[in-house]
Amino acid sequence: PSTDVPNNGSATSHVPELNLHGFTTRLGHRAGRFLGSLFPHNAQFQGRQVATFHNQRDFIFVRHHRYVFEEGKQVNKETGKKKTKARLQELGPRFTMKMRWLQEGTFDTQFGEYEWMHK
């Protein structure tokens, strides 16, 4: 559960921004578009939430964050104002996925046409 994440925050009902990283191959583009279709395409930026899908070595790492702006201790010499710092607060859940296959069309394990299978 997200309570297992240290210093976790609580998610709001805002639609998160989507961050897809590392989906550069033909298969990656296809998987990225699939993951992107799971979320509505109208991110609500006032909620400051980000859902990140990071593809690395055939694993997809999933994280859910909120970005927080804090007033720093350092003062800008030109303006005399305190510098603002941005940091990420993990909301959870966090998990890792590995694609086993990509099937074309509707789900059919017996007669379905597989576009890609993990070897």
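Note that the coordinates shown come from a computational prediction; the quantities given were computed from them, not determined experimentally.

Draft legend 1. View of unusual backbone geometry. Here the bond from Gly92 into Pro93 is cis, since omega is -5°, no more than 30 degrees from zero. Positive phi, normally seen in glycine, also occurs at Arg48, with a value near 55°. When you line up the elements, Arg48 lands in the loop between helix 1 (26–36) and strand 2 (49–56). The backbone of Asp58 sits at a positive phi, close to 65°, despite the residue not being glycine. Relative to the assigned elements, Asp58 resides in the loop between strand 2 and strand 3 (59–75).

Draft legend 2. Region of interest: the pattern of salt bridges. Using the criterion set out here, one finds three salt bridges in the structure. Ionic pairing is found between Arg87 and Glu70, a salt bridge with its closest N-O pair at 2.8 Å. With Arg87 in strand 4 (residues 82–90) and Glu70 in strand 3, this residue pair connects regions lying 17 residues apart in the sequence. With relative accessibility at 35%, the residue Glu70 sits in the partly exposed group. Among the ionic pairs, Arg94 bridges to Glu90, the shortest N-O distance being 3.4 Å.

Conventions and cut-offs
- Residues numbered from 1 in each chain as written.
- Predicted model: local features only at pLDDT ≥ 70, side-chain atom pairs only at ≥ 80, totals over all residues.
- Heavy atoms only, no water.
- Helix = DSSP H or I, 4+ residues; strand = E, 2+ residues; numbered from the N terminus.
- Salt bridge = Lys/Arg side-chain N within 4 Å of Asp/Glu carboxyl O.
- Buried < 20%, exposed > 50% of the residue type's maximum accessible area, 1.4 Å probe, protein only.

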